[in-house]
Amino acid sequence: MAQRIPCAPERPLRSKGLLISRWSGVLLTLTAAPLVTACSYVEGFLSAQSPRTLFERGYFAEMQAVEGRPAARSTEGLSVLVDPRYRAPGLSRDDLAHRLDVYAPASGAGPRPLLIYAHGGGLNAGAKDDETQVNRNFAIALARLGFVVLNINHRLTCEAPHPAQVEDMAAAVRWGIDHAADLGADPDRIVLAGFSSGGFLAALLAGDPRYLQAQRVKLERLRAVVAVSGFFDLEHLAKPFLVRRFIVEPAFGKRGPLWIEASPLSHTGSHWPPSLLVSAAEDRAAGPDSDALCLRLGQAKVTCERLVVPGSQHSTAIARLGDGRSPEEFEAMAAFLASATAARHNGRGAQ
């Protein structure tokens, strides 16, 4: 598994302020998952090996404490391409920031719909192939449905604040279009997908046309959006102090017009493709955000479906979908994607 470099080196705890900063990941996840017992949480936190920040360890610990470490899915029967670069070098000091993995069926008729997927981590942590396995597993599961999946990294906010992350995802879409013939993908049937902050990126990319237009990508190519545990309203997301201090403000600055401009909820309209918004049963942040966005999209006459993964927390819904523990919900997602990406149909009447 490739390792991304840290945005800042780990240092001994020397001050109260640094102590608060370094333990923010723990506090954030404990806030999001109050039912996780302290002992199992600490065990999972300490057993994590690869995550380079406490925030990432917090995600890993929640997953392990609630449901156990996800098992890696087999890639048998798939074609896998690891770490091609989708943006030119020099934009980031992290060599892995602009790399992706491709998962696609190794045989069968094509071209196949192209799905671009972004990992979670609050925009300031995470990776396409981190220790949790959830991004890799989800990408593999989608490839087995018949998609060419690009599982992407992006720059983190500790190096480059918004809009670097959504610009990166737009560039990955452009890369997928440019390499569609080699990948066996259909560049006119594109799905944007993501988990947590990756769901935010997918929704913003669909909602605000500037980012794809800058990459010379026509919005008519988009067939669907799938966001799992996504956030879509920065004002709502920033209500808890720790989330505001360690997620929202590093990426978007202090409260101001940018919070509104960067919220997918501010960009709803008939230009959106059909959308599936998935949330965890125990997620009191992403659930209401998904409800609000679906309501707005419905008012704009855009197809929007909601899906709740039972028995899951914010960071475990994606794991349950990817490793087969929520088969009914996965089948519902598969049916939505099949309908949205059917040949000669994009869900909005355009041929």
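Description of the structure in this document. Note that the structure is predicted; figures quoted are calculated from it, not measured.

1. A short note on the overall build of the protein chain
Part 1 of the reasoning: When its secondary structure is counted, the protein chain shows 15 helices and eight strands.
Part 2 of the reasoning: A burial count over the protein chain gives 58% of its 351 residues as buried.
Part 3 of the reasoning: Look at the contacts in the protein chain between residues 6 or more apart in sequence, and 77% of them connect residues 24 or more apart.
Part 4 of the reasoning: Within the structure as shown, the protein chain displays about 14,100 Å² of accessible surface, and the carbon and sulfur contribution to it stands at 55%.

2. Remarks on the environment of A262
Part 1 of the reasoning: Tracing the sequence through the fold places A262 in the loop between helix 12 (257-261) and strand 7 (275-280).
Part 2 of the reasoning: What makes A262 buried here is its relative accessible area of 1%.
Part 3 of the reasoning: Placed 55 residues apart in sequence, A262 and G207 show a C-alpha to C-alpha distance of 9.9 Å.
Part 4 of the reasoning: Excluding its chain neighbours within four sequence positions, the residues that come into contact with A262 are H162, F200, L204, L234 and F252.

3. Digging into the packing of helix 6 (residues 164-178) against helix 8 (residues 197-207)
Part 1 of the reasoning: For the pair helix 6 and helix 8, interaxial distance at closest approach is 10 Å and the crossing angle is 70°. When the axis of helix 6 is compared with that of helix 8, the two are roughly perpendicular. Taking contact as the criterion, the partners of Q165, V166, M169, A170 and V173 in helix 6 are, on helix 8, L201, A202, L204 and L205.
Part 2 of the reasoning: Here the contact of helix 6 with helix 8 is built from residues that sort into eight nonpolar, one polar and no charged.

4. Quick notes on the pattern of salt bridges
Part 1 of the reasoning: Tallying each qualifying case throughout the model produces 17 salt bridges.
Part 2 of the reasoning: Ionic pairing is found between D168 and R155, a salt bridge with its closest N-O pair at 2.9 Å. Residue D168 is located in helix 6, and its partner R155 is located in the loop between strand 4 (148-152) and helix 6; the two are separated by 13 residues in the primary sequence. For the pair D168 and R155, one class covers both residues: buried.
Part 3 of the reasoning: Measuring nitrogen to oxygen at the nearest pair gives 3.1 Å for the salt bridge that ties R255 to E235. Taken together, the residues R255 in the loop between helix 11 (241-252) and helix 12 and E235 in helix 10 (residues 234-237) connect sequence positions 20 residues apart.
Part 4 of the reasoning: Judged by its relative accessible area of 51%, R255 is exposed.

5. Focus: the packing of aromatic side chains
Part 1 of the reasoning: As enumerated under the stated definition, the model contains three aromatic pairs in all.
Part 2 of the reasoning: An angle of 20° between the planes, with centres 5.0 Å apart, marks the rings of F200 and F231 as stacked. Of the two residues, F200 sits in helix 8 while F231 sits in the loop between strand 6 (222-228) and helix 10, which places them 31 residues apart along the sequence. Accessibility classification places F200 together with F231 in one group, the buried group.

6. Concerning the sheet that holds strand 6
Backbone-to-backbone hydrogen bonds join strands into a sheet, with any given pair of strands oriented parallel or antiparallel.
Part 1 of the reasoning: Reading across the sheet, the eight strands line up as 1-2-4-3-5-6-7-8 and stay open at both edges, with mixed pairing between neighbours. Edge positions in the sheet fall to strand 1 (78-85) and strand 8 (304-309), since each has one partner strand and no second. Neighbouring strand axes in the sheet, compared pairwise and without regard to direction, differ in orientation by 20° on average.
Part 2 of the reasoning: As defined by bridge partners, strand 1 adjoins strand 2 (residues 99-105) across six bridges and the pair is classed as antiparallel. Residue pairing across strands places V80 opposite Y103, the latter belonging to strand 2.

7. Section: the nonpolar core
Part 1 of the reasoning: Within the largest apolar cluster, 59 residues are counted, with the highest numbers of intra-cluster contacts made by I116, L150, I152, V173, L192, L205 and F252.
Part 2 of the reasoning: Membership of the second largest hydrophobic core comes to 33 residues, among which are Y103, V134, F195 and A317.

8. Topic: unusual backbone geometry
Part 1 of the reasoning: Omega for the peptide link from G110 to P111 comes to 0°, which places this bond in the cis form.
Part 2 of the reasoning: Along the chain, P111 turns up in the loop between strand 2 and strand 3 (112-118).
Part 3 of the reasoning: Here H162 and P163 are connected by a cis peptide whose omega angle stands at 15°.
Part 4 of the reasoning: Located in the positive-phi region is R216, a residue other than glycine, with phi close to 60°.

9. Structural notes on the pairing of strand 8
Looking along a regular strand, one sees the side chains alternate between the two faces of the sheet.
Part 1 of the reasoning: Bridging between strand 7 and strand 8 involves six bridges; their strand directions are parallel. Its bridge partner being in strand 8, S275 is matched across the sheet by C304.
Part 2 of the reasoning: Assessed by its sense of winding, the connection that carries the chain from strand 7 through helix 13 (residues 286-299) to strand 8 is right-handed.

10. Examining helix 13
Part 1 of the reasoning: When the terminal C-alpha atoms of helix 13 are compared, their 20 Å separation across 14 residues agrees well with the 20 Å that a helix rising 1.5 Å per residue should span.
Part 2 of the reasoning: Listed as buried for helix 13 are A286, G287, D289, S290, L293, C294 and L297. Projected down its long axis, helix 13 shows its buried positions confined to an angular sector of 160°, all on one face. Residues of helix 13 that are exposed and point more than 90 degrees away from the buried face comprise L295 and Q299.
Part 3 of the reasoning: Backbone geometry just downstream of helix 13 places K301 in the positive-phi region, at approximately 65°.

Scoring rules and cut-offs
Residues numbered from 1 in each chain as written. Predicted model: local features only at pLDDT ≥ 70, side-chain atom pairs only at ≥ 80, totals over all residues. Heavy atoms only, no water. Helix = DSSP H or I, 4+ residues; strand = E, 2+ residues; numbered from the N terminus. Buried < 20%, exposed > 50% of the residue type's maximum accessible area, 1.4 Å probe, protein only. Contact = heavy atoms within 4.5 Å. Areas by Shrake-Rupley, 256 points an atom, 1.4 Å probe, with all protein chains shown as cover. Axes fitted to C-alpha atoms, helices over the stretch in contact; angles between N-to-C directions. Parallel < 35°, antiparallel > 145°, perpendicular 65-115°, else oblique. Nonpolar A, V, L, I, M, F, W, Y, C, P; charged D, E, K, R; others polar. Salt bridge = Lys/Arg side-chain N within 4 Å of Asp/Glu carboxyl O. Phe/Tyr/Trp six-rings, centres within 6.5 Å; stacked < 30°, edge-to-face > 60°. Pairing = 2+ DSSP bridges. Core = buried A, V, L, I, M, F, W, Y, C linked by side-chain atoms within 4.5 Å. Right-handed = clockwise from strand over helix to strand, strands pointing away. Expected span 1.5 Å × (residues − 1). Arc of directions from axis to C-beta.

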